[in-house]
Amino acid sequence: MIQIKFPDNSKRNFEKGTTVYEVAKSISEGLARNVLSAKYNDKVVEVSTPLDEDGEIQLFTWKNSEGKTAFWHSSAHVLAQAILILYPNAKLTIGPAIENGFYYDVDFGDHSISEKELVDLEKKFLELSKQKFVFKMRNATKNEALDFYKKEKNPYKVELIENLQDGNITFCDHSDFTDLCRGGHIPNTSFIKAVKLLNVAGAYWRGDEKNKQLTRIYGISFPKQKELTEYLELLEEAKKRDHRKIGKELELFTFSQKVGQGLPLWLPKGAALRERLEKFLKEAQKKAGYEQVISPHIGNKDLYITSGHYEKYGEDSFQPINTPAEGETFLLKPMNCPHHCEIYKTRPWSYKELPKRYAEFGTVYRYEQSGELHGLTRVRGFTQDDAHIFCTPDQLDQEFKNVIDLVLYVFNSLGFYDFKAQVSIRDPKNPKKYIGDTENWDKAEKSIIKATKEKNIEFEIEEGEAAFYGPKLDFMVNDALGRKWQLGTIQVDYNLPERFDLTYKGSDNELHRPVMIHRAPFGSLERFVAILLEHTAGNLPIWLAPKQVKLLSVSEKHEKYAKKVLNYLENNEIRAFLDNRNETIGKKIRDAEIEKVPFMLIIGEKEAEMGNISVRKHRKGDIGMMEIKNFVNLIKKEISKSISKFEN
Ligand SMILES: [Zn+2]
Ligand SMILES: [Zn+2]
């Protein structure tokens, strides 16, 4: 007999050789029908695996991310099988499960795959999956594995196997198809009831531009047709909300190949939007005791050697800049922290003067491969809403709470209400990996957890996810489509104070190391604006909207009165614009709706005569005729409702 422990800590005895499936069945028929994958003693096992020793079991269904991974990993095998049936000369390379679905990188020779061919592949896929092929794992020696793929004339798999250790090579068979694989499958192919091959992209073998370009086919599959339909609807909605599309409609930003890829150009309305975001955060930060500093866009190479960033960003990033002077080398700034450390070092500090909180909207540059660039979310130059706090270990508790308050204020003011925190702490099994003394780490981890609890934030603890230099807290935000984004990071750092030899004089008159906190509630302005546009579909909170009011004149005759109204609104600090084009009022309303302007004021014969305006609200319609000063009161109330003051 063997003893199996369940996640609720209960234990039961089973006969040796009982399979995972039978264990699930002993709990309930329903679970047995739905179990997709499992872990035994923390190792991925197949549902058909017989269990031969005592252990802890975890069973996964479609509801768990592990279940989905097994589902999509298995789907990649079926896709590969379909590909080889329709394209016998294709060479398979790798095909992993990803966050949403799976892909397979394939060498199709000179052939490029069309939309129609994707549909044929989907048909073949479903024809195969219906046949209930069982996935079976099998060990192979290195020579057997090499022989197999040499016969298949597949140099990619041969290269992969050559890098593997003999004795650790496994194949997965289903039907008459075999793939190199580490395991973790659903029981059989018939679980896959719906599949969609989403798109085709180019990908270099092993991600290296010098290698051959392969065809990457992205797909997603589901246990029910209905789930696929819902997913495709969500994708459609996401397309409508694509920040690149909305950014164009609202005239916020653009890119120019001539300026360089991954380098956004902010148009006047976008620049004004950024300025409002900066002002909003600066005001709150001022109340929270931050001081603004400014540092240059480049720094001496030695600075980044001291900070360790040269090692991290040097070779794989923008290359150093040399000057006509000999031996003088600069780097584009990849991080603001080293500069702020040098600012801290301008004079000695006493514990009584700490914390020092230096804030900067600092623009940094990091090289990204051109294939990785995406709108404002992946760029090569971006501005962080950065700040570094230098404090004593005893102040960490309070500082952490203060930073959380600030982050929550930002989320609230910008309409993100659905979020979770992730606390990354040390791996208890690997204490040598971390720098800084154990006592301080204990204290910092406790501070973070305590602060998160006190603020009533739902959180998860991730053991082993901390950086080597300190624990951290990340906020994961769900947007209106339920997509997860990481926003707002608070990171404790024991490393840079050490590397820069930062000190303060304690109450004992001795020199001590301050603790450093890096924090950025937005992350970067570029990425934040992108997420905000997709979350709100461009309907920004009115305090932030590029245009708050659009005046629509019915005809030329009313232009004079319209300009008077415009003037009045501008004097009341309302962002108003006049549409006096020679277009019908219907067309002007439609255009203002596309621009998501919160209020439209219609100015025609009647309005001009009475000295009034007719008000239309975006997505609501007419709300009636009123005096201009009443409208100013109304909109001011709406604006102040949409943003609260930061209380410290
Ligand atoms: Zn597999
Ligand atoms: Zn930093």
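These remarks concern the structure in this document. Quantities reported herein were computed from a predicted structural model and do not represent experimental measurements.

**Examining the coordination of the zinc ion (ligand 2)**
For the zinc ion (ligand 2), the protein coordination sphere consists of Cys337 (SG), His388 (NE2) and His518 (ND1), at 2.0 to 2.4 Å. We note that the donor set of the zinc ion (ligand 2) lies within a single chain, spaced as C-x50-H-x129-H. With Cys337 in helix H12 (residues 337-344) and His518 in strand S30 (residues 515-520), the pair connects residues that are 181 residues apart, well separated along the chain. Here Cys337 matches His518 in class, with each residue buried.

**Quick look at helix H17 (residues 559-571)**
Because an α-helix packs 3.6 residues into every turn, residues spaced three or four apart end up facing the same way. Between its first and last C-alpha, H17 extends 18 Å over 13 residues, near the 18 Å set by a 1.5 Å rise per residue. Every buried residue of H17 is accounted for by Glu559, Tyr561, Ala562, Val565, Leu566 and Leu569. Looking straight down H17, one finds its buried side chains confined to an arc of 160°; they lie on one side. Exposed residues pointing more than 90 degrees away from the buried face of H17 are listed as Lys560, Lys564 and Asn571. Looking at the buried residues of H17, the elements they touch are strand S31 (549-553), strand S32 (576-579), strand S33 (599-603), helix H19 (605-610), strand S34 (612-617) and helix H20 (628-642).

**Looking at the pairing of strand S23 (residues 381-391)**
Most of S23 sits out of view: 11 of its 11 residues are buried. Burial of the side chains of S23 extends over both faces: Gly381, Thr383, Asp385, Ala387, Ile389 and Cys391 are buried on one face and Phe382, Gln384, Asp386, His388 and Phe390 on the other. In this sheet, S23 lies alongside strand S22 (residues 356-365) in antiparallel orientation, the contact comprising 10 bridges. Directly across from Arg357, in S23, lies its bridge partner Ile389. Pairing of S23 with S30, which is carried by five bridges, proceeds in the antiparallel orientation. Counted as the bridge partner of Phe390 is Met516 from S30.

**Overview of the side chain of Thr170**
As for its placement among the helices and strands, Thr170 is situated in strand S12 (residues 169-174). At a separation of 2.5 Å, a polar atom in the side chain of Thr170 contacts the main-chain carbonyl oxygen of Cys181. Those residues in contact with Thr170 that sit more than four places away from it in its chain are Met137, Arg138, Asn139, Asp179, Leu180, Cys181 and Arg182.

**Observations concerning the side chain of Arg519**
Inspection of the secondary structure assignment puts Arg519 in strand S30. One polar contact links Arg519 to Gln285, side chain to side chain, over a distance of 2.9 Å. From its side chain, Arg519 meets the backbone oxygen of Asp385 in a polar contact 3.0 Å long. Excluding anything up to four places from it in sequence, Arg519 contacts Gln285, Tyr290, Asp385, Asp386, Ala387, Ile389, Val403, Leu406, Thr489 and Ile490.

Rules of the game
- Residues numbered from 1 in each chain as written.
- Chains lettered and ligands numbered in written order.
- Predicted model: local features only at pLDDT ≥ 70, side-chain atom pairs only at ≥ 80, totals over all residues.
- Heavy atoms only, no water.
- Donors = N, O, S within 2.8 Å, 3.2 Å for Na, K, Ca; no water.
- Helix = DSSP H or I, 4+ residues; strand = E, 2+ residues; numbered from the N terminus.
- Buried < 20%, exposed > 50% of the residue type's maximum accessible area, 1.4 Å probe, protein only.
- Expected span 1.5 Å × (residues − 1).
- Arc of directions from axis to C-beta.
- Contact = heavy atoms within 4.5 Å.
- Pairing = 2+ DSSP bridges.
- Polar contact = N/O pair within 3.5 Å; in protein donor to acceptor, adjacent residues only side chain to side chain.

Any functional reading would require information beyond the geometric quantities listed.
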